[in-house]
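Inside the fold
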Amino acid sequence: MSDIKKFLYLNRKAPYGTIYALESLEVVLIGAAFEQDVSLAFVDDGVYQLVKGQDTSEIGMKNFSPTYNALGDYDVNKLYVEKESLEARGLTEDDLMPLTYEDEDDDWAEKPSIRVVSSAELADIMDEQDVVLAF
Amino acid sequence: MSKLHTVNKSPFEKNSLDACIRLAKEGGAVLLFEDGVYGATKGTVISDKVTAAMKGLTFYVLGPDMKARGIRDDQLLDGVKVVDYGGFVDLVADHDNVQPWL
């Protein structure tokens, strides 16, 4: 339908040091109720949001990283991670949470939500969007 | 006597750690906390620079901020020491003064 727009949430901040990462996640979850075509991009320090093994028990803040697991249930299953940003930080896909979703068009098969893409690929993905929301 | 330098910003977003390394006098200590802890990790575009700075400066990282961000001990640069909140207080007490790099 023509009233479905392509939305991309661009995440460029590390979690906890600033409020951007948590705010972005909240807006994504709110926006998911509007049944639009939603993608998330993780670039620069934003890749740190998806690092596995986060434990905030000693800093008195909520660990919101488990919430990324819930995105698949809201049909938010395109999480693009820029390869160049991972490499600059000494990280690989193995350092990230294994996020998945169930594909309703493929007998609810469990599939990975995270897609590591090059800068050039991400530039194309961003170019296709109707709206890019930056955090 | 020596200074304790503190850095709480990501080295990939701000140049605070860069400025600290450039201007800190030999014999001082650098404590990385909050988003600053990323500066103590291996295999990054700034790892070599931090390792080189360790010739003249002692580097510490705040354990609770590391854990919050999913950084394991084995991901830290060799020679970086992990401290807890009590260790942070000890570092402040053991140095002449504290120079923050925001």
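Residues numbered from 1 in each chain as written. Chains lettered and ligands numbered in written order. Predicted model: local features only at pLDDT ≥ 70, side-chain atom pairs only at ≥ 80, totals over all residues. Heavy atoms only, no water.

**Re the confidence of the model for chain B**
Note: predicted coordinates in regions of low pLDDT should not be interpreted at a detailed level. Confidence in the prediction of chain B, expressed as mean pLDDT, is 97, and 100% of residues score 70 or more. Overall fold confidence for the complex sits at a pTM of 0.96, while the interface term, ipTM, reaches 0.95. (pLDDT = per-residue confidence, 0-100.)

**Considerations on the pairing of strand E2 (residues 29-32) of chain B**
Residue and element names in this part refer to chain B. Residue alternation in E2 divides its side chains into two sets, Ala29 and Leu31 and Val30 and Leu32, and both sets are buried. Here strand E1 (residues 3-7) pairs with E2 via 4 bridges, running parallel. Residue His5 lies in a different strand from E2, and its bridge partner there is Val30. Following the backbone out of E1, through helix H1 (residues 16-23) and into the adjacent parallel E2, one traces a crossover that is right-handed. Summarising the sheet, E2 and strand E3 (residues 58-62) pair through 4 bridges and their orientation is parallel. From the neighbouring strand, Val30 faces E3, where its bridge partner is Phe59. Taken together, E2, helix H2 (residues 47-53) and E3 form a β-α-β motif whose crossover is right-handed. (Buried < 20%, exposed > 50% of the residue type's maximum accessible area, 1.4 Å probe, protein only. Helix = DSSP H or I, 4+ residues; strand = E, 2+ residues; numbered from the N terminus. Pairing = 2+ DSSP bridges. Right-handed = clockwise from strand over helix to strand, strands pointing away.)

**Focus: the sheet that holds E1(B)**
Residue and element names in this part refer to chain B. Pairing is parallel across the open sheet formed by 5 strands, whose spatial order is E4-E3-E2-E1-E5. Among the strands making up the open sheet, the edge pair consists of strand E4 (81-83) and strand E5 (97-101). The mean inter-strand angle of the sheet, taken between neighbouring strand axes irrespective of direction, is 30°. (Axes fitted to C-alpha atoms, helices over the stretch in contact; angles between N-to-C directions.)

**Quick look at the interface of chain B and chain A**
The parts lose accessible area when they come together, and the size of an interface is often stated as this lost area. If you look at the interface, chain B gives 18 residues, while chain A gives 21 residues. In this assembly, chain B packs against chain A so that about 1500 Å² is buried in total across both faces, 47% of it on carbon and sulfur atoms. By the criterion of area lost to chain A, the three top residues of chain B are Tyr38(B), Lys67(B) and Ala68(B), representing 30% of everything that side buries. Where chain B meets chain A, there are 2 salt bridges. (Contact = heavy atoms within 4.5 Å. Buried area = accessible area lost by both parts, 1.4 Å probe. Salt bridge = Lys/Arg side-chain N within 4 Å of Asp/Glu carboxyl O.)

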